[in-house]
Amino acid sequence: MNVPTSPAPDLAGKHIVLGLSGGIACYKAADFTRELVKAGATVQVVMTEAAERFITPVTLQALSNRPVFTSQWDAREANNMAHINLTRAADAIVVAPASADLMARLAQGRADDLLSLTCLARPIERCPLLLAPAMNREMWAHPATQRNLAQLRADGTTILGPGSGDQACGEIGDGRMLEPTELLAELIAFFQPKLLAGRRVLITAGPTFEPIDPVRGLTNRSSGKMGFAVARAAAEAGASVTLVAGPVHLPTPRGVTRIDVITARQMFDAATRAAASSDVFVATAAVADWRPVAFNDHKIKKRPGAKAPPSFELTENPDILTTIARLDKAPYCVGFAAESHDLLEHAREKLERKGVPLIVANLGPATFGQDDNMLTLVDASGERELPRADKLTLARTLVAEIARRLGARA
Ligand code: CTP
């Protein structure tokens, strides 16, 4: 039965201390707080005095549903030690925006206000610190800031961004704080286990489009969602990911290198080029099996009185997965089988015919364009069903399965 599943909130059960230091990007922190809460996190906001000049604690209290802390002398805490209490149950401190001044103070281990004090007093082994820098491009590029940045990284701090582009001061360059949705994606990725760290993963996704004339072509109903979810999950797991995408309108997952193609032959060229330097290849694309032999330069017109509609001679497209699986130094290859019937039988046949160690089987018509799916992993040792779930959850499980098999192979 096709019962839609809503994805489990990605930050369910996570407690985040969100620090704000002074900067115009404080206005984005309000939205970021909302995103964190929507993703299931509980959020405790801590603000510096400078941050309060840009946005009021009232706004952040309303959005986080908790009183905001602004002072190390806050008498609300029974032991008067907000700087200690705040992080003992926290899964991470995220400072967004992190100003140049705050970064300088943290790099030196200073503790002259509640936020820096809280960062210094956190249990460093179990409460990681993530900073989202936000400043003018000259401040960012200054050797002092870059020195502080290197020190913070050496101390185990994770730096989110910064982005590049128009700045509030009117200049253009590096130093913009990442957008709230980008920060959220980075934080969700941060919490995923790094099962594919150091691995290079190649993925094909979406349909291909085989032109007949300038306005028509052969294609299929693949939305690309499953392949994009696998790309995101692999990147979250620490892999460097190349995604060869057919014509789909989906945003590129953060940190993923995307190569857009239209036809099966373009996908073949891009994928075989990247395969030589890949450790894993996941072929999720619904590659058109055939293409018209000839391309009409002009739109084919209806001819009044013509007895028969036009007919097209087709020729077979190259098989990307089979070709890559047979390379001398083939990556670990995973195929997808989208079937309309006799799922396992077809999947097993494809395992043999394509010469790959793992096939992921699913019912094509039931999943095209949907946000959820049901998968069956088929390999030489048997079958494993992954119950219906959203595509990102399934992709993360698939990535874990691939990582386990790579580990066993090493
Ligand atoms: N595939 C590929 N290149 C092709 C055709 C398929 O890389 N030219 C890959 C798909 O990305 C998928 C797997 O092969 O991972 C199976 O694709 P599918 O279309 O189900 O298999 P076909 O070999 O085309 O068999 P059929 O269409 O007859 O079911």
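Provided above is the structure to which this section pertains.
Notes on the structure in this doc start here. Since we're looking at a predicted model, the values are computed, not measured.

## As for the overall build of the protein
Of regular secondary structure, the protein possesses 15 helices and 19 strands. Projected onto its principal axes, the C-alpha positions of the protein cover 85 × 50 × 45 Å. Residues counted as buried form 49% of the 410 residues belonging to the protein. Sequence separation of 24 or more characterises 69% of the internal contacts of the protein that already satisfy a separation of 6 or more. Carbon and sulfur atoms form 53% of the exposed surface of the protein, whose accessible area is close to 20100 Å². Distance between charge centroids for the protein: 2 Å, based on 46 positive and 44 negative side chains.

## Examining the sheet that holds strand 19 (residues 382-390)
Note on sheets: strands pair through backbone hydrogen bonds, and any given pair is parallel or antiparallel. Pairing within the open sheet is mixed, and its eight strands lie in the order 12-11-8-13-16-17-18-19. In this open sheet, the two strands that pair with only one neighbour each are strand 12 (257-260) and strand 19. Across the sheet, the mean angle from the axis of one strand to that of its neighbour is 20°, orientation sign disregarded. Contacts from helix 10 (residues 225-236) reach strand 8 (200-205), strand 11 (240-245), strand 12, strand 13 (280-283), strand 16 (332-339) and strand 18 (372-379) within the one sheet, and its direction differs from that of strand 11 by about 170°.

## Some words on the sheet that holds strand 1 (residues 15-20)
Spatially, five strands are ordered 2-1-3-4-5 in an open sheet, and the strand pairing comes out parallel. Both outer strands of the open sheet, strand 2 (42-47) and strand 5 (158-159), are each paired with one neighbouring strand and no more. Examined bridge by bridge, strand 1 and strand 3 (residues 92-98) share four bridges and lie parallel to one another. Looking across to strand 3, one finds that L18 is bridged to V94.

## Re helix 5 (residues 100-107)
Residues spaced three or four apart along an α-helix point in a common direction, a consequence of the helix completing one turn every 3.6 residues. The buried count for helix 5 comes to six of eight residues, which makes it a mostly enclosed element. When we look at burial in helix 5, the residues that qualify are A100, L102, M103, R105, L106 and A107. As for helix 5, its buried residues are in contact with strand 3, helix 6 (114-120), strand 4 (129-133), helix 7 (137-141) and helix 8 (143-154).

## Digging into the packing of helix 1 (residues 26-38) against helix 9 (residues 180-191)
Packed helices, taken two at a time, are described by the angle between their axes plus the distance between the axes. Contact pair helix 1 / helix 9: the axes reach a minimum separation of 9 Å and the direction vectors enclose 45°. By the angle between their axes, helix 1 is oblique relative to helix 9. The handedness of the crossing between helix 1 and helix 9 comes out as right-handed. On the side of helix 1, the interface is formed by K28, D31, F32, E35 and L36, while helix 9 contributes P180, T181, L183, L184 and L187.

## A look at the site of the ligand
Around the ligand sit 13 residues in total, of which A283, A285, F336, K350 and K354 are the nearest. At 2.6 Å, a backbone N or O of A283 approaches an oxygen atom of the ligand. Contacts to the ligand include R353, whose side-chain N or O atom sits 3.2 Å from an oxygen atom. Coverage of the ligand by the protein amounts to 80% of the 570 Å² it exposes when considered alone. When contributions to the shell around the ligand are tallied by element, the ones reaching two or more residues are helix 12 (320-325), strand 16 and helix 13 (343-354). The greatest single-element share of the shell around the ligand, amounting to three residues, is contributed by helix 13.

## Some points on the packing of aromatic side chains
Tallied over the entire structure, the rule returns one aromatic pair. Between F190 and F191, the ring centres sit 5.6 Å apart and the planes meet at 75°, which makes this aromatic pair edge-to-face. A relative accessible area of 23% places F191 in the partly exposed class. The aromatic ring of F191 is capped on one face by K14, whose charged end is 4.7 Å from the ring centroid. The lysine or arginine in question, R76, covers the ring of F69, its NZ or CZ lying 4.5 Å from the ring centre.

Thresholds applied
Throughout this document, residue positions are counted from 1 along each chain, in the order its sequence is written. Totals for whole chains, interfaces and linings use all residues, but because this is a predicted model, local features are given only for residues with pLDDT of at least 70 and pairs of side-chain atoms are given and counted only at 80 or more. Neither water nor hydrogens contribute to the side-chain values; these are computed over all heavy atoms in the structure. Strands are runs of DSSP state E lasting at least two residues, helices are runs of H or I lasting at least four, and both sets are numbered from the N terminus onward. Only protein chains enter the accessibility calculation, which uses a 1.4 Å probe. A residue is then buried if its area is under 20% of the maximum for its type, exposed if over 50%, and partly exposed in between. Two residues qualify as a contact provided that any one of their heavy atoms is within 4.5 Å of a heavy atom in the partner residue. Computed with a 1.4 Å probe, the accessible areas rest on the Shrake-Rupley method; for each residue, only the protein chains presented here act as cover. Charged-residue counts in this description rest on Lys and Arg as positive and Asp and Glu as negative, His and the chain ends being excluded. Note that the charge is assigned to NZ on lysines, CZ on arginines, CG on aspartates and CD on glutamates. Here, any two strands with at least 2 DSSP bridges between them count as paired. With axes taken as lines fitted to C-alpha atoms, and helix axes fitted only over the stretch in contact, angles between N-to-C directions fall between 0 and 180 degrees. Here roughly perpendicular refers to angles of 65 to 115 degrees, roughly parallel to angles under 35, roughly antiparallel to angles over 145, and oblique to all remaining angles. Left-handed describes a crossing whose near helix is turned anticlockwise from the far helix by less than a right angle; the clockwise case is right-handed. The nearness test applies per residue and asks whether one of its heavy atoms lies within 4 Å of the molecule or strand. Any pair of N or O atoms that falls within 3.5 Å is considered a polar contact. Within protein, one atom must be able to donate a hydrogen and the other to accept it, and sequence-neighbouring residues count only if both atoms are side-chain atoms. Only the six-membered ring of Trp is used, alongside the rings of Phe and Tyr, when aromatic pairs are assigned; centres must lie within 6.5 Å, and planes under 30 degrees apart are stacked while those over 60 apart are edge-to-face, with the rest tilted. The rule for a charge over a ring is simple: NZ of Lys or CZ of Arg within 6 Å of the ring centre, and within 35 degrees of the ring normal.

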